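# Observations on the model geometry
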Amino acid sequence: MPEGHALHRLARRQQKQFGGQRVAVSSPQGRFGPEAALLDGLVFQSAEAWGKHLVYRFGASSLPDGDRSCRLVHIHLGIYGAFTEEPLPMPEPTGQVRLRMVGDDLGVDLRGPNSCELYTPADLDALVARLGPDPLRGDAEPDHARARIARSRRAIGSLLMDQKVIAGVGNIYRAEVLFRAGIDPMRPGTTLTRDEFDTIWADLAELMPIGMATGRIHVVRPEDDHGAPAYAPNRPRTYVYRRAGEPCRLCGTTILWRELEGRNLFWCPACQS
């Protein structure tokens, strides 16, 4: 599942591609058909991300006379959702295309999302209310996340993946910021000091914009970016993520792995003691 930086990058890209354009919207698969018909021919006003959620806004000024309500589309890619881009004229759709949106110069197809649905402003308010602060948003209030962590005895490694605590953090950022902060991922949230929380938040606020700008998760400090290769081709090196059984880049201790609440967790038992 894409982490939050990827959704913010996608929102920024689609804002540039479609913002201010009158777009053709369809659902070749048919599952979004009635909703697409309501959006077809309207002006695409904005794309915005909250954590791992993408929201399109079709401005009131673009709606038919007499209809002043704002129309929103909420998309959650989940594990299998993905967009593909095509220059115009677009080829005939292939596969299960849930949403096709065509602008002045190109079009996009969306396949396999967890959610693709019309939202009301009230629906969006409810979504934002149940999400934790997003380190990539200027309106984020990190104290909300700190307070939730301070009240919980769940492992901090679990809390960082809980979208109700911090929105947008996935498995890679979770593992890597805990390593960079020297924090044992199994520590209860109640034991985290304010300084430790501030360190984690500041690191996310520094690293995630780099991921948004480059499309790659860069977490290894320049002085440590050498030695054993990355865990997969064309990926930047990590400290611990997907390095179970390999020596720690800093101390040489074997990186450990375990499953935590259904997700793979990686850490160095020496650096994160």
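Per an unreviewed UniProt entry, the chain goes by DNA-(apurinic or apyrimidinic site) lyase and derives from Gordonia iterans. Within the UniProt record for the chain, the comment given under Sequence similarities (unreviewed entry) is "Belongs to the FPG family."

## Details of the UniProt feature "domain: FPG-type" (unreviewed entry) in the chain
When the UniProt feature table is mapped onto this chain, "domain: FPG-type" (unreviewed entry) is found at residues 239-273. Segment residues 239-273 splits into 0% helix and 29% strand. End C-alpha atoms: 15 Å apart.

## A few points about the sheet that holds strand S6 (residues 97-102)
Pairing is antiparallel in the open sheet, where four strands are placed in the order S1-S6-S7-S5. A single partner strand is all that each edge strand has here, and the edge strands are strand S1 (24-26) and strand S5 (82-87). Sheet twist, expressed as the mean angle between neighbouring strand axes with direction ignored, is 15 degrees. Where S5 and strand S7 (residues 106-111) come together, six bridges link them in antiparallel fashion. Looking across to S7, one finds that Phe-83 is bridged to Leu-110.

## Some details on the sheet that holds strand S8 (residues 115-119)
Reading across the sheet, the four strands line up as S2-S3-S4-S8 and stay open at both edges, with antiparallel pairing between neighbours. A single partner strand is all that each edge strand has here, and the edge strands are strand S2 (44-50) and S8. On average, adjacent strands in this sheet sit at an angle of 20 degrees to one another, irrespective of strand direction. Sheet analysis places strand S3 (residues 53-58) next to strand S4 (residues 71-76), joined by five bridges and oriented antiparallel. Pairing of Leu-54 across the sheet is with Ile-75, part of S4. On the sheet, helix H1 (residues 4-18) packs against S2 and S3 and is oriented at approximately 175 degrees with respect to S2. Against the sheet, helix H3 (residues 121-130) touches S2, S3, S4 and S8, its axis set at about 125 degrees to S8.

## Looking at the domain arrangement of the chain
For the chain, the assigned domains are domain 1 (4-130) and domain 2 (142-267). The straight-line distance from the C-alpha centre of domain 1 to that of domain 2 is 31 Å. Opposite the eight residues of domain 1 that make contact, domain 2 presents 15 residues. On the domain 1 side of the interface with domain 2, the three residues burying the most area are His-5, Arg-9 and Lys-52, jointly 59% of the side's total. Where domain 1 touches domain 2, the interface holds zero salt bridges. Where domain 1 meets domain 2, there are three residue pairs in polar contact (both at pLDDT 80 or more). Tallying contributions element by element places H1 first for the side of domain 1 that touches domain 2, with five residues.

## Looking at the packing of aromatic side chains
Remark: the centre distance and the inter-plane angle together describe each pair of aromatic rings, the angle taken between the planes. Using the criterion set out here, one finds seven aromatic pairs in the structure. Plain terms: the ring middles of Phe-44 and Tyr-56 are 5.1 Å apart, the flat faces sit at 65 degrees to each other, and that makes the pair edge-to-face. Here Phe-44 is found in strand S2, whereas its partner Tyr-56 is found in strand S3, with twelve residues between them in sequence. For the residue pair Phe-44 and Tyr-56, the accessibility class agrees, reading buried in each case. An angle of 85 degrees between the planes, with centres 5.8 Å apart, marks the rings of Phe-44 and Phe-58 as edge-to-face. On the criterion of sequence distance, the pair formed by Phe-44 in strand S2 and Phe-58 in strand S3 is long-range, its members being 14 residues apart. Neither Phe-44 nor Phe-58 differs from the other in exposure class; each is buried. Among the aromatic side chains, those forming a connected cluster through ring pairs are Phe-18, Phe-44, Tyr-56 and Phe-58.

Calculation rules
- Residues numbered from 1 in each chain as written.
- Predicted model: local features only at pLDDT ≥ 70, side-chain atom pairs only at ≥ 80, totals over all residues.
- Heavy atoms only, no water.
- UniProt positions renumbered as here; feature names shortened; annotations may be inferred.
- Helix = DSSP H or I, 4+ residues; strand = E, 2+ residues; numbered from the N terminus.
- Pairing = 2+ DSSP bridges.
- Axes fitted to C-alpha atoms, helices over the stretch in contact; angles between N-to-C directions.
- Contact = heavy atoms within 4.5 Å.
- Domains from an automatic or database assignment.
- Buried area = accessible area lost by both parts, 1.4 Å probe.
- Salt bridge = Lys/Arg side-chain N within 4 Å of Asp/Glu carboxyl O.
- Polar contact = N/O pair within 3.5 Å; in protein donor to acceptor, adjacent residues only side chain to side chain.
- Phe/Tyr/Trp six-rings, centres within 6.5 Å; stacked < 30°, edge-to-face > 60°.
- Buried < 20%, exposed > 50% of the residue type's maximum accessible area, 1.4 Å probe, protein only.

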